[in-house]
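Report on the structure
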There are 2 protein chains.
Amino acid sequence: MALEHAILVSLAERASTGYDLARRFDKSIGQFWTATHQQVYKVLGRMESDDWVVSRVVPQDGRPDKKVYDLTDTGHAELASWIAEPADFEAARSDLAVKIRGAAYGDTAAVVAEVRRHRARRAERLEYYLTNEKDEFPDPSVLRGHRLNQWLVLRGGITLERGLVDWYDEVAATLTPLDKDEA
Amino acid sequence: MALEHAILVSLAERASTGYDLARRFDKSIGQFWTATHQQVYKVLGRMESDDWVVSRVVPQDGRPDKKVYDLTDTGHAELASWIAEPADFEAARSDLAVKIRGAAYGDTAAVVAEVRRHRARRAERLEYYLTNEKDEFPDPSVLRGHRLNQWLVLRGGITLERGLVDWYDEVAATLTPLDKDEA
DNA sequence: AGTTGCACTGCAACTAGTTGCATAGATAGG
DNA sequence: CCTATCTATGCAACTAGTTGCAGTGCAACT
């Protein structure tokens, strides 16, 4: 389980509410880890009873009270010790890849349409990451510390999205019959 | 849940035992879907009571009896209908990426070592896939049907492994201080 | 005035997948 | 000879994560 640790990293960068963490999992850090808000709240509860984080309630006007979480010393220590551990090789999981492999047992044209849809979505993400890189990290050579690391993870997202776009293109091109001579 | 469907695809290609399916999930199809043998047996049981598959016991000498599973008509229909469904965009999950992002809060050198280890493993997989491609699909232009699809999925694996290797190289190079002037 | 959407938290029930264990004969290595 | 590994199946207990529901109050749109 790395959600705990993904949250620790996120909180080390900035103290936040559960709501906010859940939203950040849709963005930057969400490139390589995601969670629904329910899961985030559940895990935050456990982390608080394990004394990895503390919360304080911040009243707001015009909005519900919020609980801002921050790391404890124990939390910092846990994060450091987790980082030092080896990470296991995780297997990719892709429904779409399984469908591509099985296309011959169903409607190949439908699979190709789906591949194109995914291709579009990935291209969109890629654009978003590239814009992000230009705006937030205009000069990577000066980066240090956690900003450098953030940039590297962004680079990973870019590389992988590009790979997927290329692959989807290859799949769509290969599975689309070229004969347009009926026109 | 796509394990059911990954199994359907696998069985459509060839009738197999649970044991064999589990092993195949370590290879070709396992590029994009994996499962332990326990999970495979559990799911096969459910699939049999749903009448997607049938099994027959094959006695062997010198070895335990085995149960060979094969698709029913219902199973074929289910597979076709699942293939026609849209697939949702799945999020990548990577412990290592989270560690890279959090490296500044722990031992950066340990993270770099870990990145190199993963780099080596990915390079190995990449080699394996490339060899596989050369041996099994020497002339892709003649491929049709499920062999073509298998090749395309293998291409996906190759593209993604290459992307990871490149990214890990970038990370390791960036996080390794270049100053060797103390020698 | 009414609906939709956002900010914010959380519980309950469920599903998918993992880890650990058990069993058992065959073969291979030290 | 003993131990380890392979083939082959499966249960039990657990953990992680998902889906569905619920509530509050403000702001913006219609």
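Read on for an overview of the structure. Bear in mind that the values here come from a model prediction, so they are computed numbers and not experimental data.

The rules behind these values
- Residues numbered from 1 in each chain as written.
- Chains lettered and ligands numbered in written order.
- Predicted model: local features only at pLDDT ≥ 70, side-chain atom pairs only at ≥ 80, totals over all residues.
- Pairing = 2+ DSSP bridges.
- Helix = DSSP H or I, 4+ residues; strand = E, 2+ residues; numbered from the N terminus.
- Contact = placed C-beta atoms within 7 Å.
- Nonpolar A, V, L, I, M, F, W, Y, C, P; charged D, E, K, R; others polar.
- Axes fitted to C-alpha atoms, helices over the stretch in contact; angles between N-to-C directions.
- Expected span 1.5 Å × (residues − 1).
- Buried ≥ 20, exposed ≤ 12 C-beta atoms within 10 Å, placed from the backbone.
- Arc of directions from axis to C-beta.
- Least-squares fit on C-alpha atoms with pLDDT ≥ 70 in both.

Things to note about the sheet that holds strand β1 (residues 16-17) of chain A
Residues and elements named next belong to chain A. Taking strand neighbours across the sheet as the criterion, the 3 strands line up as β1-β3-β2 in an open arrangement whose pairing is antiparallel. Of all strands in the sheet, those bounded by a partner on one side alone are β1 and β2 (53-58). Across 2 bridges, the pairing between β1 and strand β3 (residues 66-71) is antiparallel. Within the sheet, the bridge partner assigned to Ser-16 lies in β3 and is Tyr-69.

Some points on the interface of chain B and chain A
Every contact between the two is made by 57 residues of chain B and, on the other side, 58 residues of chain A. When residues of the side of chain B that touches chain A are traced back to their parent elements, those giving at least two are α1 (3-13), α4 (73-84), α5 (95-102), α6 (108-136) and α7 (145-175) of chain B. Here the element with the most residues in the side of chain B that touches chain A is α7(B); it accounts for 16 residues. Counted by class, the side of chain B that touches chain A contains 30 nonpolar, 16 polar and 11 charged residues.

Brief notes about the sheet that holds strand β1 (residues 16-17) of chain B
All names here are of chain B. Strand order in the open sheet formed by 3 strands is β1-β3-β2, with antiparallel pairing between adjacent strands. Here the strands that pair on one side only, and so sit at the sheet edges, are β1 and β2 (53-58). Of the pairings in the sheet, the one linking β2 to strand β3 (residues 66-71) comprises 6 bridges and is antiparallel in character. Looking at the pairing, Val-53 lines up with Leu-71 of β3. Sitting on the sheet, helix α3 (residues 37-49) is in contact with β2 and β3, with an inclination near 115° to β2.

Some words on unusual backbone geometry
Backbone geometry places A:Asp51, a non-glycine residue, at a positive phi of 65°. Within the secondary structure layout, A:Asp51 lies in the loop between α3 (37-49) and β2.

Topic: α3(A)
Residue and element names in this part refer to chain A. Taking 1.5 Å per residue, 13 residues should reach 18 Å; α3 reaches 19 Å between its end C-alpha atoms and fits that length. Every buried residue of α3 is listed here: Val-40, Leu-44 and Met-47. Relative to the axis of α3, the buried residues are bounded by an arc of 65° and lie together on one face. Across from the buried face of α3, at angles greater than 90 degrees, the exposed residues are Gln-38, Arg-46 and Ser-49. Close packing links the buried residues of α3 with α1 (3-13), α2 (18-24), β2 and β3. Just past α3, the residue Asp-51 takes up positive phi, approximately 65°.

Focus: the relation of the copies chain B and chain A
Of the transformation superimposing chain B on chain A, the axial component is 0.0 Å and the angular component is 180°, with the fit at an RMSD of 0.0 Å. On the angle and the small slide along the axis, the relation comes out as a two-fold axis. An overlap of 100% is found between the interface residues of chain B and their copies at the interface of chain A, pointing to a shared contact surface.

Describing α5(B)
Taking burial as the measure, the 8 residues of α5(B) include 8 buried ones, the bulk of the element. Every buried residue of α5(B) is accounted for by B:Asp95, B:Leu96, B:Ala97, B:Val98, B:Lys99, B:Ile100, B:Arg101 and B:Gly102. Residues of α5(B) that are buried in the fold lie against α1, α4 (73-84) and α7 (145-175) of chain A together with α6 and α7 of chain B.

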